[in-house]
Amino acid sequence: MARRINKLKKPATRTLESDLHTHVYTNYRYQASRRFLEEGFRDLTRLTKLCVNGGLGIVGVTNFTDWNYEFWTSSRQLGDLPADWRQYQDERVTYIETEQGKGLYLVKSEEIPTDKGHLLLIGCPRGKNIGKGNLSEVLGKAGQDPLITIVADHPYMGRIGLRGEIDRVAIRLDALEYNSNCSRAENKKAEQEAQRLGKPLIANSDSHRPQDIGIARTNFLAEDLRYSCGENFVGSLRLNIIGTKFGVEKGSLGLPAKLEHVGLLIAYNVLRWIPGFTDIVD
Ligand SMILES: [Zn+2]
């Protein structure tokens, strides 16, 4: 078991590269993607090595009306980390440090399918989901927590982005998202609209397989973030996003991964109209 430390640590690196939107393995709990859950590894030690060896310092493990973040950061997972590693956890951050001193800050994101399209919330508290609701309800709940960054994720992707709603709710959005699952045209539109609205554009993978984590990144200067506790950490993430104090790496998924993702999207859109599936998918 990794040694528990009582304070969040500052990184030794000059920059912190992040992917604030990954599902690790996909978490739609329906047939089309169940094989990801069954085939994939479910081991935090392995996930941490994958992330830190890929140069990532912050990863947003994303809940999709489920408990994905809580699974990956459970006391059982932390208990199985190597004895010469270190770990810290509070309500907003789980920090893991390998024996080589490489640190990984895990934060919780929530991706919420509202009636008007998806919203991504970054920096949510552990053990509580904002959960389902229509767009204004979800924006209202998320807006009560000043530590949460509210993002229009893949805003122009098919029917699952906010698209035409963005103008109406722009004042309540902190950022738009470049998403590695989107087509070039969809991402270009997101970038143009972000510019028109004066909103920052962060970049995330929205990966559904671990090997795709970090394909798109949002990178911060380590000295710009705060490390006194998880609340300060995610709060400073939001301030840096709002203030456009970050750089982006706009990678794109390869065609096979994109096709798998398209398959999931089709399944998602079909199943949400079948009675009885709504409580699972929405
Ligand atoms: Zn997603």
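The rules behind the values
Residues numbered from 1 in each chain as written. Predicted model: local features only at pLDDT ≥ 70, side-chain atom pairs only at ≥ 80, totals over all residues. Helix = DSSP H or I, 4+ residues; strand = E, 2+ residues; numbered from the N terminus. Buried ≥ 20, exposed ≤ 12 C-beta atoms within 10 Å, placed from the backbone. Contact = placed C-beta atoms within 7 Å. Arc of directions from axis to C-beta. Expected span 1.5 Å × (residues − 1). Core = buried A, V, L, I, M, F, W, Y, C linked by C-beta atoms within 7 Å. Pairing = 2+ DSSP bridges. pLDDT = per-residue confidence, 0-100.

J.: Lay out the overall build of the chain in plain terms, naming residues and giving numbers.
T.: Within the chain, the secondary structure is distributed over 10 helices and 12 strands. Residue burial in the chain is summarised as follows: out of 282 residues, 43% are buried. Put simply, of all contacts in the chain between residues at least 6 apart along the chain, 70% involve residues at least 24 apart.

J.: Give a detailed account of helix α2 (residues 44-53), specifying residues and quantitative values.
T.: If you check which residues of α2 are buried, you get Leu44, Leu47, Thr48 and Cys51. In an axial view of α2, the angular spread of the buried residues amounts to 100 degrees, which keeps them on one side of the axis. Exposed side of α2, more than 90 degrees from the buried face: Arg46 and Asn53 are the residues found there. Contacts made by the buried residues of α2 are with β3 (58-63), α3 (68-72), α4 (75-79), β5 (93-97) and β6 (103-114). Note on α2: the residue one or two positions beyond its end, Gly55, has a positive phi of about 80 degrees.

J.: Before we move on, could you go through the environment of Arg172 and cite the residues and values that matter?
T.: For Arg172, the location among the structural elements is in the loop between α6 (166-169) and β9 (175-179). Since 14 C-beta atoms lie within 10 Å of it, Arg172 is described here as partly exposed. As a C-alpha pair, Arg172 and Val151 span 21 residues in sequence and 9.2 Å in three-dimensional space.

J.: So what's going on with helix α8 (residues 230-242)? Residues and values would help.
T.: Taking 1.5 Å as the rise per residue, α8 with 13 residues should run 18 Å; its terminal C-alpha atoms sit 18 Å apart, in good agreement. All of the buried residues in α8 are Gly230, Phe233, Val234, Gly235, Leu237 and Ile241. Buried positions along α8 lie against β5, β6, β7 (117-122), β8 (149-152), β9 and β10 (201-204). Thr244 lies just past α8 and shows a positive phi near 55 degrees.

J.: How would you sum up the nonpolar core? Please name residues and give values.
T.: Buried together is how nonpolar side chains tend to be arranged in soluble globular proteins. Counting 63 residues, the largest nonpolar core has Leu121 and Val151 as the members making the most contacts within it. In terms of residues, this core owes the most to one element, β6, which gives five residues. Not counting chain neighbours up to four residues away, the residues in contact with Leu121 comprise Ser109, Glu110, Ile112, Ile130, Ala142, Ile148 and Ile150.

J.: Talk me through the pairing of β5; I want residue IDs and the actual numbers.
T.: For β5, a buried count of five out of five residues is recorded, marking the element as mostly surrounded by other parts of the structure. Alternating positions in β5 separate into two faces, Val93, Tyr95 and Glu97 on one and Thr94 and Ile96 on the other, with burial throughout. Direction of pairing for strand β4 (residues 86-89) relative to β5: antiparallel, over a ladder of four bridges. Looking at the pairing, Tyr88 lines up with Tyr95 of β5. Adjacent in sequence and paired antiparallel, β4 and β5 are bridged by three residues. Between β5 and β6, which follow one another and run antiparallel, lie five residues, and Gly101 among them has a positive phi close to 80 degrees.

J.: So what's going on with unusual backbone geometry? Residues and values would help.
T.: Non-glycine residue His154 carries a positive phi angle of around 25 degrees. Mapped onto the fold, His154 is located in the loop between β8 and α6.

J.: Give a detailed account of the pairing of β4, specifying residues and quantitative values.
T.: The pairing of strand β1 (residues 3-4) with β4 spans two bridges and is parallel. Looking across to β4, one finds that Arg3 is bridged to Arg86.

J.: Tell me what's going on with the confidence of the model for the chain, and back it up with residues and numbers.
T.: For the chain, per-residue confidence averages 89 on the pLDDT scale, and 85% of positions sit at 70 or higher. Long-range and interchain partners of residues 29-33, a stretch whose pLDDT sits below 50, account for 13 contacts in this model, where long-range means more than four residues apart. Here residues 276-282 is a poorly scored stretch, pLDDT under 50, and it has 14 contacts once near neighbours within four places are set aside; other chains count.

J.: Outline the environment of Asn53, supporting the account with residue identities and numerical values.
T.: As for its placement among the helices and strands, Asn53 is situated in helix α2. Taking the C-alpha atoms as reference, Asn53 lies 8.6 Å from Lys102; in sequence the two are 49 residues apart.

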